[in-house]
Amino acid sequence: MKRYNPKEIEPKWQDFWQDKKIYEADDKSNKPKKYILEYFPYPSGATMHVGHVRNYTIGDSIARFNRMSGFNVLHPMGWDAFGLPAENYAIKTGVSPRVAIDENTSHFKKQLIQMGFGYDWSREIDSTKPEYYKWTQWFFLFLFEKGLAYQKQSSQFYCPKDQTVLANEQVENGLCWRCGSKVEKKSLKQWFFKITDYADRLVKDLDDVNWSESIKSMQRNWIGRSVGSEVDFSIDGSEDKIRVYTTRIDTIYGTTFLVVAPEHPILGNIVSNDQKVAVDEYVKQSQIKSEIDRQETNREKTGVFSGSYVVNPLTKAKIPIWIADYVLYGYGTGAIMAVPAHDERDLEFAKKFNIDVIQVIKPSGDNKEEIFTGEGTLINSDKYNDLSSSDAREKITLDLAQNGSAEEKVNYKLRDWLISRQRYWGAPIPIIHCPTDGIVPVPKDHLPVLLPELDKFVPGVDGKSPLASIDSFVNTTCPKCGGSAKRETDTMDGFACSSWYFLRFADPHNDSEAFSRSLADYWLPVDDYIGGAEHAVMHLLYARFWTKVMFDDGLINFTEPFTTLRNQGMILAHDGQKMSKSKNNTVNPDELISQGYGADSIRLMELFIGPWNQSANWSTEGLSGTFRFLQRVWNVTQEYVNSASAHEGEESGDLLKLTHETIKKVTANASNLDFNTSISALMEMVNELYKLKIVDEMDSKSWNVAIPSLLKLLAPFAPHITEELWHDLGNHDSIHISSWPEYDEKYLVSDSMEIVVQVNGKVRAKLTLPTSYDENKIFDEVLSNERVSALIKDQELIKKIYIPGKLVSLVVK
RNA sequence: GGGGAUAUGGCGGAAUCGGUAGACGCGCUAGCUUCAGAAGCUAGUAAACUUAUGUUUGUGGAGGUUCAAGUCCUCUUAUCCCCACCA
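Residues numbered from 1 in each chain as written. Chains lettered and ligands numbered in written order. Predicted model: local features only at pLDDT ≥ 70, side-chain atom pairs only at ≥ 80, totals over all residues. Heavy atoms only, no water.

Undergrad: How do you make sense of the overall build of chain A when you look at a structure like this?
TA: In terms of regular secondary structure, chain A is built from 26 helices and 33 strands. Expressed along its principal axes, the backbone C-alpha trace of chain A runs to roughly 105 × 85 × 50 Å. When burial is assessed residue by residue, chain A has 54% of its 813 residues classed as buried. Within chain A, counting contacts between residues at least 6 apart in sequence, those at least 24 apart form 73% of the total. Element-wise, carbon and sulfur atoms account for 47% of the exposed surface of chain A, whose accessible area totals about 36,300 Å². Positive and negative charge centroids in chain A, built from 93 and 113 side chains respectively, lie 2 Å apart. (Helix = DSSP H or I, 4+ residues; strand = E, 2+ residues; numbered from the N terminus. Buried < 20%, exposed > 50% of the residue type's maximum accessible area, 1.4 Å probe, protein only. Contact = heavy atoms within 4.5 Å. Areas by Shrake-Rupley, 256 points an atom, 1.4 Å probe, with all protein chains shown as cover. Lys, Arg positive; Asp, Glu negative; His and termini not counted. Charge placed at Lys NZ, Arg CZ, Asp CG, Glu CD.)

Undergrad: I would appreciate a short explanation of the packing of aromatic side chains in the present structure.
TA: Under the counting rule described, the total for this entry stands at 51 aromatic pairs. Between W138 and F139, the aromatic rings sit 5.1 Å apart at their centres with planes inclined by 90°, giving edge-to-face as the arrangement. Each member of the pair, W138 together with F139, is buried. On the numbers, 6.1 Å between centres and 80° between planes, the contact of Y245 with Y331 is edge-to-face. Placement of Y245 in strand β11 (residues 241–246) and of Y331 in the loop between β14 (318–323) and β15 (335–338) is noted, with a sequence separation of 86 residues between them. Taking relative accessible area as the criterion, Y331 reaches 24% and is therefore assigned partly exposed. The ring of Y326 carries K301 above its face, with NZ or CZ at 5.3 Å from the centroid. Seen from the ring of F473, R487 lies directly overhead, with NZ or CZ sitting 5.9 Å from the centre. (Phe/Tyr/Trp six-rings, centres within 6.5 Å; stacked < 30°, edge-to-face > 60°. Lys NZ or Arg CZ within 6 Å of the ring centre and 35° of its normal.)

Undergrad: Before we go on, may I ask you to explain the pattern of salt bridges in this structure?
TA: Side chains that differ in sign of charge can pair as their charged atoms come close. Applying the stated criterion to the full structure yields 43 salt bridges. Salt bridges here are not isolated pairs; linked through shared partners, they connect K2, K12, E724 and D728. (Salt bridge = Lys/Arg side-chain N within 4 Å of Asp/Glu carboxyl O.)

Undergrad: When you look at the sheet that holds strand β5 (residues 149–159) in this model, what are you seeing that I'm missing?
TA: Neighbouring strands of a sheet are bound in pairs by backbone hydrogen bonds; such pairs are parallel or else antiparallel. With antiparallel pairing, the four strands of this open sheet are ordered in space as β6-β5-β9-β19. At either margin of the open sheet sits one strand with a lone partner, and together these are β6 (164–165) and β19 (417–418). Judged from the two bridges that link them, strand β9 (residues 184–193) and β19 form a sheet pairing that is antiparallel. Its bridge partner lying in β19, F193 is registered against W417. In the packing of helix α5 (residues 130–145) onto the sheet, the strands contacted are β5 and β9, and the crossing angle to β9 comes to about 90°. (Pairing = 2+ DSSP bridges. Axes fitted to C-alpha atoms, helices over the stretch in contact; angles between N-to-C directions.)

Undergrad: Help me understand the environment of I336, please; the structure alone is not making it clear to me.
TA: By the element assignment, I336 lies in strand β15. Residues I336 and K7 lie 329 residues apart in sequence; the distance between their C-alpha atoms is 69 Å.

Undergrad: Got a minute to help me understand the protein's contact with RNA strand B in this structure?
TA: Close to RNA strand B lie 54 residues, the nearest being T247, K301, R345, K413 and R632. Considering the 4 Å shell around the protein, atoms of RNA strand B inside it are sugar or phosphate in 63% of instances. A distance of 2.6 Å separates a base oxygen of RNA strand B from a polar atom in the side chain of S809. Sorting the residues of the surface near RNA strand B by element identifies α7 (213–223), β11, α20 (620–642), α22 (675–696), β30 (752–759), β31 (762–770), β32 (797–803) and β33 (807–812) as the ones contributing at least two each. Looking at the surface near RNA strand B element by element, the count peaks at seven residues for α22. Among the residues forming the surface near RNA strand B, the class breakdown is 19 nonpolar, 16 polar and 19 charged. (Near = heavy atom within 4 Å. Polar contact = N/O pair within 3.5 Å; in protein donor to acceptor, adjacent residues only side chain to side chain. Nonpolar A, V, L, I, M, F, W, Y, C, P; charged D, E, K, R; others polar.)

Undergrad: Explain the side chain of H720 here, please?
TA: Secondary-structure assignment places H720 in helix α24 (residues 719–728). Judged by its relative accessible area of 0%, H720 falls in the buried class. A distance of 2.9 Å separates polar atoms of two side chains, one belonging to H720 and the other to Q14. With near-sequence residues (within four places) excluded, H720 lies in contact with I9, E10, W13, Q14, W17, Q114, M115, G116, A599 and D600.

Undergrad: How should the side chain of S709 be read in this particular structure?
TA: Secondary-structure assignment places S709 in helix α23 (residues 703–714). Every residue in contact with S709, bar those within four places of it in the chain, is listed here: T659, I663 and P741.

Undergrad: What am I meant to see in the environment of Q219 here?
TA: Its location among the elements puts Q219 in helix α7. Taking the C-alpha atoms as reference, Q219 lies 8.5 Å from L202; in sequence the two are 17 residues apart. When sequence neighbours within four positions are dropped, the list of residues in contact with Q219 reads L206, W211, A536, V537, L540, L541 and R544.

Undergrad: Honestly, the pairing of strand β12 (residues 257–260) in this entry has me stumped. Any pointers?
TA: Residues F257 and V259 point to one face of β12 and L258 and V260 to the other, with burial holding for every one of them. Of the pairings in the sheet, the one linking β12 to β14 comprises three bridges and is parallel in character. The partner of V260 across the bridge, within β14, is I323.

Undergrad: Looking at this structure, I do not really get the pairing of β15. What am I missing?
TA: The two faces of a sheet get side chains in turn, since along a regular strand they alternate between them. Alternating positions in β15 separate into two faces, A335 and M337 on one and I336 and A338 on the other, with burial throughout. The pairing of β12 with β15 spans four bridges and is antiparallel. Each bridged residue has a counterpart across the sheet, and for L258 the counterpart in β15 is M337.

Undergrad: Please clarify how α22 should be interpreted in this entry.
TA: For an α-helix, the turn length of 3.6 residues means that residues three or four places apart are oriented alike. In a regular helix each residue adds 1.5 Å, so 22 residues correspond to 32 Å; α22 covers 31 Å between its end C-alpha atoms and thus fits that length. With its phi angle positive at about 50°, E697 sits one or two positions after the end of α22. (Expected span 1.5 Å × (residues − 1).)

Undergrad: Looking at this structure, how should I read the sheet that holds β30?
TA: Read from one edge of the open sheet, four strands run β31-β30-β33-β32, paired in mixed fashion. Every interior strand has two partners, whereas the edge strands, β31 and β32, have only one. Here the strands of the sheet are splayed against their neighbours by 20° on average, with no regard to which way each runs.

Undergrad: Honestly, unusual backbone geometry in this entry has me stumped. Any pointers?
TA: A negative phi angle characterises most non-glycine residues, just as the trans form characterises most peptide bonds. In the segment running from L447 into P448, the intervening peptide bond is cis, with an omega of 0°. Secondary-structure assignment places P448 in the loop between β22 (438–441) and α13 (471–474). Note that the residue after L524, namely P525, is joined by a cis bond; omega there is -5°. Residue placement: P525 occurs in the loop between α16 (517–523) and β26 (526–531).

Undergrad: How should I be thinking about helix α3 (residues 84–93) in this particular structure?
TA: By the burial criterion, the buried members of α3 are L84, A86, E87 and A90. For α3, the buried positions fall inside an angular range of 165° around the axis, keeping them on one side. The elements touched by buried residues of α3 are α4 (97–114) and β6. Taken from the residues just after α3, G94 is the one with a positive phi, measuring 80°. (Arc of directions from axis to C-beta.)

Undergrad: I would appreciate a short explanation of the packing of helix α1 (residues 6–20) against α24 in the present structure.
TA: Each pair of packed helices gets described by two things: the angle between the helix axes and the distance between those axes. Following both chains from N to C, one finds α1 and α24 inclined at 85°, their axes separated by 9 Å at the closest point. Accordingly, the angle class assigned to the pair α1 and α24 is roughly perpendicular. In this structure, α1 uses I9, E10, K12, W13, Q14, F16 and W17 to contact α24, whose residues at the interface are P719, H720, I721, E723, E724 and H727. The residue makeup of the contact of α1 with α24, split by class, is six nonpolar, three polar and four charged. (Parallel < 35°, antiparallel > 145°, perpendicular 65-115°, else oblique.)

Undergrad: Whenever I open this one, the state of the cysteines confuses me. Can you help?
TA: Each disulfide consists of one covalent bond between the sulfur atoms belonging to two cysteines. Counted under the stated rule, the structure contains zero disulfides. A disulfide-free cysteine, C434 has its sulfur positioned 3.6 Å from the sulfur of C478, the nearest such atom. For C478, a relative accessible area of 3% puts it in the buried group. (Disulfide = S-S within 2.5 Å.)

Okay, structure coming up:
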């Protein structure tokens, strides 16, 4: 009898699938479509580990299950290959990023194929190839035309190690997201995408997508929509006003001081002569501090009195103006009304500088805290007394709006997306700077602006891209006037490439447009998008933004690119730590495969280890369990194939029931992505088959249903072994394009049922009774049962409950 | 400080509607098989008590609703993730 040897069969079927184009998606099909996508990876030189494998295993299982269930499936793969790792590697070794990336992609691709993932390789894309980035540049121009790409001089996050600016989203706790260096602030002229124009829709449309609550809340948090009011406070003894932003205008009667940010231009008008020295010194100090230091939460409040006062528009009280760096110039109006009784930061400041505290909100319950920041009822607020906080906010804003000194205002924490990078390995920004015409977009028919091959990759001086020193690249002619002009030498952030790649897969070889409208209409949006939570506020936000811009211009017919988002749980090392090369705790599938486990048992383990969306610690010990299971599947199928019996005997009710029950369970679980329980259901089936085999020796013709069903149900998870066994059964086509088995209720019915008997809430007996019995008959049986009647004895039966087919509950006293 | 998630045997985990807690797997124990080991097959495996039939306890903790709670309600604790002086 043939033995199960994954090393032999797996490469064989991988070739077979490629030859037969099993996984190529059909642009013209009568079947309903399903677009399953895993985030296209960055092809690093490192070998992928079992943590990466989980992501692709989940996507592949979904794709295979859908394909067998009758969908026309698009399951593509490509490379997000622009970015710093390849460039830094080039600086270190002199190997061109082009060469390194090509090597890495072929290595990565081999690993994916080795795991048996069924991708449509005819649609493979690479974001660093001119035929791809031509269209990334096209989208830049598209955004530019819409007024959504602009250049601005401003203070920005800058990574001194990577020598480039960073988007706000790419700074994590004051550190560069890529290299972990402490970022600095630099005032530079940079390109931005105006994502803030879409802030409101980016929040609202989250209601319509099927994403996890945690990712949605991360996005909402990041966008930081807040509804409040802007209010003018007029400066005492001056015509000038200071406008503040507050979400708690209901507390305005408690305002005992105003705070403006040190960068605020109003400072010139409000600083009194006797405070000038102190203020100048404070402003100087806060300039030295990086923005990061200023945002340190636990830092003690600092500030200085300006020497001027404002008048509270309602109480007409004179209120001092302070200057303090806990107010950020970049948010709201850069000035606040401080209400120490109802804001923790203001209270801290007031305490330090001995400023009055006036209570104006009464909590509904008892509040023993020193400070109350919640909603309540107004007190000490003149005619607004006794209003609720929310009513008061509306009324006060309305009243002050009468003379134009207040208005409702929505603010966002989200800032525009900084996309220019002073580095080489990215898509060049298709802009020409002309001394006469200024900023001139490269005409679309001149695209792509090719990224030149270099010998040296060291970043240029003065924070300039290495491209700035390539004269042949820089010097060009102005498309408008024909005079000599210079190219923009910054490249685009890699996240620009990934903001539209999911559209390219619908039409990957189109050389006249980024994608055809009809193919985008057919394939998009992505039905299932599988990836890690690390994309929560970067890629996912950017891609949603681009999608909305395209929709507004009529390029596509949908507003959200990813209908359902699946964030797989991380696979951790044995000890619960993150797997990483530096910790030397990675487990690589290559090694496991060479140890003889095979891709199938690894894939099975990735799914069986726990719910797909929860993290789990890798267990190579546990892997022997899934391997053993596959061996049992192998053995029982081989025995069926080689059995002396012709499998023409009587139908077996037990075998059919087992088979149909398993089909029902696996189908339900797999539709719900509960792959771990799908696999346990299959294990149960195989365990039962082993027992039945002994009784029946495979004579029954019902084996002809059981074995093929088992293989099909297992196929999405373990594609190689099922393909081999499927062919052993005499089939010639791939099992992966066979149809998913269906169950028939008629095989599930049974003529007996087990009734659990509870007495006063405790299980006391289990009775096997005919299903034909009605409620009365069942109570008769239960009450006449020896054990039950002994328990009840002469106690009074107060209540009896019957749950059909399941349980009888008796209450006695 | 704000938001999100999680908590069940030695371990990973399972449990449509509230209805037998611990499926399935790892590990462990015993038997068969084997020169031996490995592998395989069969059985057992929440805890305590019990010769046994059994009894009691048990899903982070405390209350509550119910004939019945891992599941529903109130409060609470711990861990993880994200954001964080955004007014």
